[in-house]
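The residues making up each chain are set out below.
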Amino acid sequence: MSEESITTEMAAVEPEVVETPAENKPDYSAMTLAELAEAFEALAKSEDRLKRSKEADAIKSAFYKKLIKAKEEEGIPVSGDPEQASSEEQSEAAPEAEATTEQQANPFAAIENGFKAFYNAYKRERAEYNRQLEAERESNLKAKQAVIEDLKALLEKQADVNASFPEFRKIQERWRNIGPVPATSFRNINDTYQLYVEQFYDMVNIDRELRDLDFKKNLEAKQKFCEMAEKLAENENIVEAFKALQKLHDEWKEYGPVAKQYREEIWDRFKAATAVINRKYQAHFEEMKGKQVENLAAKTALCEKVEEIAGREIASSNEWNALSKEIEDIQKEWRTIGFASRKDNQKIYDRFRAACDKFFERKREFYSEYKDSINSNLARKISICEAAEALKNSTEWKKTSDKLIELQKQWKEIGAVPRKKSEALWKRFRAACDEFFAERDKNAKPENDYYGNLKAKKALIEEIRSYERSGDADTDMEAMNSFASRWQEIGFVPFREKDKIAQAYKDAVAEKFPDYGRQRRAARYSQQPRSEKDRLIQKYNKLEQDIITYENNIGFFEMSKNAAPLISQMQERIAQAKEELKDLEMQIRALSEAGSDNE
């Protein structure tokens, strides 16, 4: 392999990005606006900031993508190019009231303006740095062109080598001391210089002793390059070693040939060190590619998790909160996973972001509807409170008791109300009911001896608790049915005691007759309609009872000031139920006629 071909070999293994290993770059897309602003501020204050322009542009791009997304979610319009600073100089004389108004209208104004200020300052500094760098490279180009002109003049003299060789040495030293030139001129200026150097060595009148001395100096320089390359092969930071090796190759070209007997040996040595670094460099990026494949698989699995969660049917706020925590944990796990390949990294992030956005958008919609629902429930419970308060002074004990009991049933059927108002609203309703029932109990007639009924029910509970089971299922069932009948025959108890005594009865029955509930369900099942006609008749009877209940409800709600929506709702239900009754009646008649024909 020739010296010229080594550059081609190195280029073949060069990755897309040599500047910084991908695994060392932070994941800007996963940072918050505040974190991105802090990252840019830190970069803008670093000593090597002007050499990190790609990193600065990456932070800027991530910042404005996230800012646009956040503004859209808050319903803040985004006009023009949001990444373009509104002005290079921020006004320092803006009225305080104006700034306050802007922050109220746009909660992101402060962080956006702060980021713009840092970015604009950095942009100006980098522009000046680039202008100076370009001017310096142009100056270096002119200096190298002057060196080539001096070298050409030296060749044209055709003077004695004893006089021209020291001057040639000075020209070489001048060339090596000049810095980089514009990239567009590098190859042309370098090839021209090498051409004239070779012509100098080809001069027929060159003195052998001086030539050998030059060969010796070139050999010493190239031996140092070999030593440096061999040491680079031991560097654990292979990307850094590869970049340093490229510089060594550039410097190698700037030195002339060595004595013929050493040419192949010195080149083979340099080439061997280069090959070691190339192999490590290739292995490093192959390993990185493998890790990127693993990272892509891990991130794909997280995407699928979030997509599955985002597609679930979620009905309660507790479930939404639990799943939100799960999504947040998945997002934390995402940040611990490294990059995928450049081709896949943005795509997989966009997929993950879209799944998260879908979940949180659905959550926002749920809570918006939930808020409407609890406000509707609040209105309904206020109406029930007003209806109960309108009844609390009634002396129609039986009729009003039934109405209040129905209102309590409706109260239980209504869903949640705002937490801050729930307790106060319940106390208001309970107070109206308690006031009526307390007055009713005071004025109870002998036949409505509530405290006597309470005493009778307590005695019956003690009797159930002391019952000794016979072991015969039918006998025990008969006894339990007797207890149940006697319980039903006893009248009402004081309102405040009804829940407590009812629970005591249930507990006593469950303790002594654990199978009673199952047996009653079996008995009820045996009484279920056995034909389609029976089922329809049963449904017809239930609808009739529902209509009676709805009509009674309208009577209750008419006592309330704000019950118009509820009355309208009851009327709609009545109309719908009556339509269903007509349809059921037709179905029952059809089945009856079909039965007659079959007979």
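Residues numbered from 1 in each chain as written. Predicted model: local features only at pLDDT ≥ 70, side-chain atom pairs only at ≥ 80, totals over all residues. Heavy atoms only, no water.

So, the overall build of the protein
Here comes step 1: Of the regular secondary structure elements, the protein holds 20 helices and zero strands.
Here comes step 2: Excluding contacts between residues fewer than 6 apart, the proportion of contacts in the protein whose partners are at least 24 apart in sequence is 80%. (Helix = DSSP H or I, 4+ residues; strand = E, 2+ residues; numbered from the N terminus. Contact = heavy atoms within 4.5 Å.)

Some details on the nonpolar core
In a soluble, globular protein the nonpolar side chains are often hidden away together inside.
Here comes step 1: Counting residues in each nonpolar core, the largest one holds 22 residues, and the members touching the most others are Leu248, Trp252, Phe270 and Ile277.
Here comes step 2: Among the elements of the structure, helix 8 (208-232), helix 9 (238-253) and helix 10 (260-310) are those that each provide at least two residues to this core.
Here comes step 3: Here this core gets eight residues from one element, more than from any other, and that element is helix 10.
Here comes step 4: Excluding residues within four positions of it along the chain, Phe270 makes contact with Phe225, Cys226, Ala229, Leu248, His249 and Trp252.
Here comes step 5: Grouped together as the second largest cluster of nonpolar side chains are 21 residues, Ala37, Phe40, Ala44 and Leu50 included. (Core = buried A, V, L, I, M, F, W, Y, C linked by side-chain atoms within 4.5 Å. Buried < 20%, exposed > 50% of the residue type's maximum accessible area, 1.4 Å probe, protein only.)

Notes on the pattern of salt bridges
Here comes step 1: For the structure shown, the criterion picks out 26 salt bridges.
Here comes step 2: Across the pair Asp150 and Arg174 runs a salt bridge whose closest N-O atoms are separated by 2.9 Å. You can see Asp150 sitting in helix 5 (residues 109-157) and its partner Arg174 sitting in helix 6 (residues 161-177), a full 24 residues away along the chain.
Here comes step 3: The exposure class assigned to Asp150 is partly exposed, which follows from its relative accessible area of 31%. (Salt bridge = Lys/Arg side-chain N within 4 Å of Asp/Glu carboxyl O.)

Concerning helix 14 (residues 419-442)
Here comes step 1: With 24 residues, helix 14 should reach 34 Å at 1.5 Å per residue; the first-to-last C-alpha distance of 35 Å fits that figure.
Here comes step 2: Against helix 12 (342-391), helix 13 (397-413) and helix 15 (450-465) lie the buried residues of helix 14. (Expected span 1.5 Å × (residues − 1).)

Let's talk about the packing of aromatic side chains
Here comes step 1: This structure, assessed with the given rule, holds 26 aromatic pairs.
Here comes step 2: Each ring, one from Phe359 and one from Phe360, has its centre 5.0 Å from the other, and the planes form 85°; the classification is edge-to-face.
Here comes step 3: Here the aromatic rings of Trp487 and Tyr505 are separated by 4.0 Å at their centres, their planes lie at 15°, and the arrangement is stacked. Of this pair, Trp487 sits in helix 16 (residues 473-489) while Tyr505 sits in helix 17 (residues 498-512), and the two are 18 residues apart along the sequence. (Phe/Tyr/Trp six-rings, centres within 6.5 Å; stacked < 30°, edge-to-face > 60°.)

Focus: the packing of helix 15 against helix 16
Here comes step 1: At a minimum axis distance of 10 Å, the contact between helix 15 and helix 16 shows a crossing angle of 170°. Accordingly, the angle class assigned to the pair helix 15 and helix 16 is roughly antiparallel. Two secondary-structure elements touch here, helix 15 through Lys457, Leu460, Ile461, Glu463 and Ile464 and helix 16 through Phe483, Arg486 and Trp487.
Here comes step 2: Considering only residue class, the contact of helix 15 with helix 16 consists of five nonpolar, no polar and three charged. (Axes fitted to C-alpha atoms, helices over the stretch in contact; angles between N-to-C directions. Parallel < 35°, antiparallel > 145°, perpendicular 65-115°, else oblique. Nonpolar A, V, L, I, M, F, W, Y, C, P; charged D, E, K, R; others polar.)

Considerations on the state of the cysteines
Here comes step 1: Scanning all chains against the criterion turns up zero disulfides.
Here comes step 2: Free of any disulfide, Cys356 has its nearest neighbouring cysteine sulfur in Cys303, separated by 8.0 Å.
Here comes step 3: According to the relative accessible area criterion, Cys356 is buried, its value standing at 1%.
Here comes step 4: Cys433 forms no disulfide, and the closest cysteine sulfur to it belongs to Cys385, at a distance of 8.5 Å. (Disulfide = S-S within 2.5 Å.)

Observations concerning the confidence of the model for the protein
Fine structural detail should not be taken from predicted coordinates in areas where pLDDT scores are low.
Here comes step 1: The pLDDT averaged across the protein works out to 78; a share of 81% of its residues lies at or above 70.
Here comes step 2: For the protein, helix 1 (residues 5-12) is the element with the lowest average pLDDT, namely 36, and helix 11 (residues 317-336) is the one with the highest, namely 88.
Here comes step 3: With pLDDT under 50 throughout, residues 1-23 is counted as low confidence; its partners more than four residues away or in other chains account for 44 contacts.
Here comes step 4: Here residues 85-104 is modelled with pLDDT under 50, and outside its nearest four sequence neighbours on either side it reaches 13 contacts, counting other chains as well. (pLDDT = per-residue confidence, 0-100.)

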